[in-house]
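# Topology and contacts: notes
The residues making up each chain are set out below.
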Amino acid sequence: MDVRIQALEAPSSTSDPRSATYFQGNIRPDISPSAVDDVSYAPPPTVMAPRRTLATAVPAAPAGVPFIPPAAAISPQLRASILAGVPNPVSRRRTFQPAMPNLQPNGARLNASLQTYLSSASHYMRSGLAKSTLKMYDSAWYHFSSFCAAFSVAVSPINISIVCAFVVHCFESRKMQPSSIKTLVAGIQFHLRCMDPSVGSLLGNPSLRLLFNGLMKRSPESIDKRLPLTISLTHKLVSHLRQGCFNPYTDSLLEAVFLTAFYGFLRCGEYTTRTENFDPSIDLTYSNLSFGSQYFIIHLKRSKTDKNAKGTPIIIAQTGTVFVPSLPWHGTCGGVPTRARTSLSSPPTKGTP
């Protein structure tokens with residue numbers, strides 16, 4: 001490396017030897033070119049350009065610290081000679097940009113077989129909801145579709161701006177509470193996912209969340225007019241039934257229902273029929289009751305907490321008071337509490353096993 005540095009700083013050997021000396025005097029225009037050879041040249045000065053080595057050309061780095069020499073430490077002649085033999089820099093990091101495929105909406109990419117599976121998936125998704133929830137979601141989709149049709153906009157693909165406009169319409173025109181509007185948005189989201197399972201969450205959208213926060217602040221506080229069903233109120237109702245309000249069977253049935261619902265923490269839809277028509281596949285029958293010495297069990301066929309619709313057993317123990325939940329059931333069942341497929345509201349008949 002030292003030899004390389006000295007060779008770069010040394011004058012070229014093929015050039016005129018006199019080019020390394022310093023000319024004394026001035027060349028006048030009246031002197032011919034042939035007279036230039038007769039001009040005497042002074043010997044080179046004693047002060048020469050210093051010979052550099054690798055140690056003198058590049059300053060030493062401090063101990064233990066990486067050091068890059070500044071550009072001023074290299075002479076211009078050495079720098080020009082080095083850069084003359086260096087090719088143009090080429091980036092080692094290659095940027096590869098693959099061509100993006102021209103994707104179409106999900107529905108357009110599905111063939112007939114996949115569309116069949118998607119339709120089955122939508123059917124299974126609907127069967128995963130309770131009938132009451134599904135009815136509510138269908139109503140929400142109907143109102144949203146009607147809103148889109150009134151303004152001549154497409155329902156799908158979903159547009160968050162249209163959903164925000166629908167939310168404000170429900171709040172201002174239909175005078176709905178924000179909690180009820182959220183149920184409508186959940187119904188819209190359910191139907192969109194039945195059509196395209198890849199649809200994201202609407203209730204998790206930042207714009208809709210901010211909109212609902214504003215509606216909550218602007219909506220007036222509603223007073224809950226419902227009264228709690230306390231144990232004293234339950235006992236008072238049972239006491240009036242025991243004094244005779246209707247007929248003996250109806251009084252005994254209502255007493256059994258009131259005490260069972262209170263001590264079993266039951267919802268109204270868990271022990272009542274949805275319509276006037278009795279359906280033994282979903283409504284309670286006498287076969288859903290079983291009695292023990294200190295408790296009795298009621299097997300619920302449907303419950304909000306029973307997602308798989310397998311039934312939920314509810315165990316109700318004896319209270320040790322005069323208000324015993326299981327006692328009126330014995331009178332209501334006519335002493336035979338295992339009559340299958342018979343409504344609990346049906347009075348016992350003679351000869352019924």
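See the structure shown above.
Here is what the cut-offs are and how they apply
- Residues numbered from 1 in each chain as written.
- Predicted model: local features only at pLDDT ≥ 70, side-chain atom pairs only at ≥ 80, totals over all residues.
- Heavy atoms only, no water.
- Salt bridge = Lys/Arg side-chain N within 4 Å of Asp/Glu carboxyl O.
- Helix = DSSP H or I, 4+ residues; strand = E, 2+ residues; numbered from the N terminus.
- Buried < 20%, exposed > 50% of the residue type's maximum accessible area, 1.4 Å probe, protein only.
- Phe/Tyr/Trp six-rings, centres within 6.5 Å; stacked < 30°, edge-to-face > 60°.
- Lys NZ or Arg CZ within 6 Å of the ring centre and 35° of its normal.
- Polar contact = N/O pair within 3.5 Å; in protein donor to acceptor, adjacent residues only side chain to side chain.
- 1 Å grid on protein atoms, 1.4 Å probe; cavity = no way out; pocket = protein on both sides within 12 Å on 5 of 7 lines; lining within 4 Å.
- Points joined across faces, edges and corners; volume = space filled by probe spheres on them.
- Nonpolar A, V, L, I, M, F, W, Y, C, P; charged D, E, K, R; others polar.
- Core = buried A, V, L, I, M, F, W, Y, C linked by side-chain atoms within 4.5 Å.
- Contact = heavy atoms within 4.5 Å.
- Expected span 1.5 Å × (residues − 1).
- Pairing = 2+ DSSP bridges.
- Axes fitted to C-alpha atoms, helices over the stretch in contact; angles between N-to-C directions.

What follows concerns the pattern of salt bridges. Tallied over the full model, the rule gives three salt bridges. Two residues, Arg126 and Asp138, come together in a salt bridge whose shortest N-O distance is 3.1 Å. With Arg126 in helix H5 (residues 112-127) and Asp138 in helix H6 (residues 131-150), this pair connects stretches of sequence that are 12 residues apart. Owing to a relative accessible area of 28%, Arg126 belongs among the partly exposed residues under this scheme. According to the relative accessible area criterion, Asp138 is partly exposed, its value standing at 29%. Across the pair Arg242 and Glu255 runs a salt bridge whose closest N-O atoms are separated by 2.7 Å. Of this pair, Arg242 sits in helix H10 (residues 231-242) while Glu255 sits in helix H11 (residues 248-263), placing them 13 residues apart in sequence.

Now for the packing of aromatic side chains. Geometry of an aromatic ring pair is reported as the spacing of the ring centres plus the angle between the planes. The final tally for this structure, using the stated rule, is seven aromatic pairs. For the pair Phe147 and Phe151, a centre-to-centre distance of 4.9 Å together with 55° between the ring planes defines the contact as tilted. Residue Phe151 is classed as exposed on the basis of its relative accessible area of 55%. By the ring-pair criterion, three or more aromatic residues cluster together here, those being Trp141, Phe144, Phe147, Phe151 and Phe166. Positioned above the aromatic ring of Phe212 is the side chain of Lys182, whose terminal nitrogen or guanidinium carbon lies 5.5 Å from the ring centre.

This paragraph deals with unusual backbone geometry. Along the chain, Ser156 connects to Pro157 via a cis peptide bond; the corresponding omega equals 5°. Among the structural elements, Pro157 can be located in the loop between H6 and helix H7 (160-172). You will see that Ser152, though not glycine, has its phi angle at about 55°, which is positive. Mapped onto the elements of the fold, Ser152 is located in the loop between H6 and H7. Taking the relative accessible area as the measure of exposure, Ser152 reaches 70% and is therefore exposed. In the Ramachandran plot, Lys175 falls in the positive-phi region, its phi being about 55° despite a non-glycine side chain. Looking at the element boundaries, Lys175 is found in the loop between H7 and helix H8 (178-195).

Moving on: the side chain of Thr285. Take Thr285: it is sitting in the loop between helix H12 (268-271) and strand S1 (289-291). One polar contact links Thr285 to Ser287, side chain to side chain, over a distance of 2.8 Å.

All right, on to the layout of surface pockets then. There is about 860 Å³ of room inside the largest pocket. Lining the largest pocket we find 24 residues, and of these Ala130, Lys131, Ser132, Ser303 and Lys304 sit closest to its centre. Of all the secondary-structure elements, those providing two or more residues to the lining of the largest pocket are H5, H6 and H12. With six residues, H6 is the single largest residue contributor to the lining of the largest pocket. Here the residues of the lining of the largest pocket sort into seven nonpolar, seven polar and 10 charged.

This part is about the nonpolar core. Phe144, Phe166, Val167, Ile181 and Ile188 are the most contacted members of the largest nonpolar core, which has 24 residues in total. At the level of elements, H6, H7, H8 and helix H9 (206-218) are the ones that each hand at least two residues to this core. Ranked by residues supplied to this core, first place goes to H7 with seven residues. Residues contacting Phe166, with those up to four places away along its chain left out, are His143, Phe144, Phe147, Leu184 and Ile188.

Now for H8. A rise of 1.5 Å per residue sets the reference length of H8, with its 18 residues, at 26 Å; its end C-alpha atoms lie 26 Å apart and thus fit the reference within 8%. By the burial criterion, the buried members of H8 are Pro178, Ile181, Leu184, Val185, Ala186, Gly187, Ile188, Gln189, Phe190, His191, Leu192 and Cys194. Residues of H8 that are buried in the fold lie against H5, H6, H7 and H9.

Looking at the element boundaries, Ser207 is found in helix H9. On the basis of relative accessibility, which here comes to 41%, the residue Ser207 falls in the partly exposed class.

A sheet is described by the order of its strands in space; here three strands give the open sequence S1-S2-S3, paired in antiparallel fashion. Since the sheet does not close on itself, it has two edges, and those belong to S1 and strand S3 (312-317), each with one partner. Each strand axis lies, on average, 20° off the axis of its neighbour in the sheet, ignoring direction. With three bridges joining them, S1 and strand S2 (residues 295-300) adopt antiparallel strand pairing. The partner of Ser290 across the bridge, within S2, is Ile297.

So, about the pairing of S2. Judged by which residues are buried, S2 turns out to be one-sided: Phe296, Ile298 and Leu300 face inward and are buried, whereas Tyr295, Ile297 and His299, on the alternate face, are not. Here S1 folds back onto S2, and the loop between the two strands holds three residues. As paired elements, S2 and S3 share six bridges and run antiparallel to each other. Residue pairing for S3: Phe296 is matched across the bridge by Ile316.

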